[in-house]
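Take a look at the letters that make up each chain.
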Amino acid sequence: SSQSMTPTSLILGFSCTKAITATLAHLLVQEYKFLQYDDYVYEIWDDFCPTATIPSGLAVALDLSEEEAQKRWTWKRQITLRHILQHQAGFGMALPHVLTIQKLASSEECIRAMEYSPTNEEATLLPTSEPGSKTEYHFFSFGWLVAGVVCAAYDKNKKMDSTNNDNNNTGVRSTTTFKQVYEDVLEKKLSCETIRWGFNPCGVETATTKNQHQLLLAQVQPSSGLNNTSVFLQKQREMQAMGEEGKSDNEALRTIMSSTNNNDLSFLSSFRGKEFLLDPRIWNCNDMLKANVPSAGGRFSARGLAQFYHDLSTFKILDSTTMELATTLSATTTADSSPFLQGMTSLMSTTQKNKKLRIKPGGQKSIVSGFGLGYQVFPLSDGDYCFGHAGVGGSIGLHHKKSGLSIAIMTNIHGGPETFLKFVNIIRE
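Read on for an overview of the structure.

Conventions used here
Residues numbered from 1 in each chain as written. Predicted model: local features only at pLDDT ≥ 70, side-chain atom pairs only at ≥ 80, totals over all residues. Heavy atoms only, no water. Helix = DSSP H or I, 4+ residues; strand = E, 2+ residues; numbered from the N terminus. Areas by Shrake-Rupley, 256 points an atom, 1.4 Å probe, with all protein chains shown as cover. Phe/Tyr/Trp six-rings, centres within 6.5 Å; stacked < 30°, edge-to-face > 60°. Buried < 20%, exposed > 50% of the residue type's maximum accessible area, 1.4 Å probe, protein only. Lys NZ or Arg CZ within 6 Å of the ring centre and 35° of its normal. Pairing = 2+ DSSP bridges. Expected span 1.5 Å × (residues − 1). Contact = heavy atoms within 4.5 Å. Core = buried A, V, L, I, M, F, W, Y, C linked by side-chain atoms within 4.5 Å.

Here the focus is the overall build of the protein. Helix and strand content of the protein: 17 helices and 9 strands. Summed over its atoms, the accessible surface of the protein is roughly 18,500 Å², and 49% of this surface lies on carbon and sulfur atoms.

Below is the structure:
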């Protein structure tokens, strides 16, 4: 971009957005009592998994055995808000069956893709692992799952209040949008400084916001592994359609992926037909500038995001009890289960992490990050820690417990973590 970076420039934060989405869920639990962490999602979100028994014909529609389909349907009925916030719902790589840029830009359409539809059974999404059994980074689905629960709970409570009838809270389809819930519940808790310095988790309408913050478009490093992978997968799909698939495709792709420090190609199958998701340039089009993507679409200034974490740490948004629960390390991920889409989030050496987390010799040794409830938690030493969330490309917002310092780094790139790592070393010291 020819635009100059300023302290209040709004930059795409990618997964930094997840922390704001999680905060909204915590507020509903804490103050509005719309839901609890261990409530089954299907009890709140009617169309998520509406029947105890699997619908007849669903196994055939999904090309699964009856036994496998029933098992995974049962798993979906077992999912709680806690599972989602800990990235343990079993939907790590889940994407809508049919996805376009226009659909991705609508949180409501993507939320509906998480539901069961009797008229579109082949598009039904089911978990791939039992809830709570595995921590797998939910790179896009985290936002849609949290937003679906939040909107359904909020909408039901509004209807209960309007009828004053506690028995009139079933069979209701949510008509409330995620942005409406954010504005009604969380935005009003933010300090004036957070809003003034630039904080737009639900996207923006124009190139400048109501506070006249300049919007910088997401930039792509020429060596971006994600961008190269997107181009390669699209070309590979074209070659397959023409019967010209090369024998060395996987070797070529591994060479491209080496720039992301990720050699596991298995997760790429989720992007077949949706390769555009790996091309960061999509976030510069008009649809995506205005997009509400609860996992990855927030536009923040560094100062605005840092001020948000100051608001959190000083209990302006959540009380001390909720903050303690939300930022206590409760789930860990490994490099194998957490592809490069998670971003660079390691704030210490493997040796330090193993010692802190008391990992036994011969056990898991490649911990990338830990999760509380929706926030990434970075244990340091002697009980000290940071909490926050990073995004692909190196942007991060976090709060350092011991010093009381809230920090945000916004990088207007998509790819290599080299710049971010320089700041990480400063934070560690």
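What follows concerns the packing of aromatic side chains. Across all of its chains, the model carries 13 aromatic pairs by this definition. Taking 6.1 Å as the distance between ring centres and 15° as the angle between the ring planes, the aromatic pair formed by Tyr137 and Phe371 counts as stacked. Of this pair, Tyr137 sits in the loop between α7 (107-113) and α8 (141-163) while Phe371 sits in strand β5 (residues 367-371), placing them 234 residues apart in sequence. On the accessibility criterion, Tyr137 (1% relative accessible area) is buried. Phe371 gets classed as buried once you look at its relative accessible area, which sits at 0%. One aromatic cluster is present, built from ring pairs that chain together Phe199, Phe300, Phe308, Tyr309, Tyr375 and Phe387. Sitting above the plane of the Phe48 ring, Lys76 keeps its charged end 4.6 Å from the centroid.

A word on the sheet that holds strand β1 (residues 11-12). One open sheet accounts for 3 strands, arranged β1-β3-β2; its pairing is antiparallel. The open sheet has two free edges, formed respectively by β1 and β2 (199-200), since each of these has just one partner strand. Here β1 runs beside strand β3 (residues 299-300); their pairing, made up of 2 bridges, is antiparallel. If you follow Ile11 over to β3, its bridge partner there is Phe300.

What follows deals with helix α14 (residues 302-313). The end-to-end C-alpha distance of α14, which contains 12 residues, comes to 17 Å, matching closely the 16 Å that a straight helix rising 1.5 Å per residue would cover. Among the 12 residues that make up α14, 9 are buried, leaving the element largely enclosed by the rest of the structure.

A regular strand places its side chains so that they alternate between the two faces of the sheet. Here strand β6 (residues 376-379) shows no split at all, with Gln376 and Phe378 on one side and Val377 and Pro379 on the other all buried. Bridge analysis of β6 against strand β7 (residues 385-390) gives 4 bridges, and the strand direction is antiparallel. Across the sheet, the residue bridging to Val377 is Phe387, located in β7. Between β6 and β7, which pair antiparallel one after the other, the connecting turn spans 5 residues, and Asp382 there sits at a positive phi close to 55°.

A few words on the pairing of strand β9 (residues 405-409). β9 sits mainly inside the fold: 4 of its 5 residues count as buried. Judged from the 5 bridges that link them, strand β8 (residues 396-400) and β9 form a sheet pairing that is antiparallel. Each bridged residue has a counterpart across the sheet, and for Ile396 the counterpart in β9 is Ile409. Connecting the antiparallel pair β8 and β9 is a turn made up of 4 residues, with Gly404 showing a positive phi of about 75°.

Moving on, we come to helix α4 (residues 66-77). Taking 1.5 Å per residue, 12 residues should reach 16 Å; α4 reaches 17 Å between its end C-alpha atoms and fits that length. Buried residues in α4 make contact with α2 (41-44) and α3 (58-61).

So, about the environment of Ala113. With respect to the secondary-structure elements, Ala113 resides in helix α7. Given a relative accessible area of 13%, Ala113 falls into the buried group. On a C-alpha basis, the gap between Ala113 and Trp144 in space is 8.9 Å, while along the polypeptide they are 31 residues apart.

Take the nonpolar core next. Soluble globular proteins tend to pack their nonpolar side chains together in the buried interior. Core analysis: the biggest nonpolar cluster contains 96 residues, and Phe140 and Leu305 have the highest contact counts within it. For this core, the leading source of residues is α8, giving 11 residues. Counting 7 residues, the second-largest nonpolar core is a separate cluster that includes Phe378, Ile396, Leu398 and Ile409.

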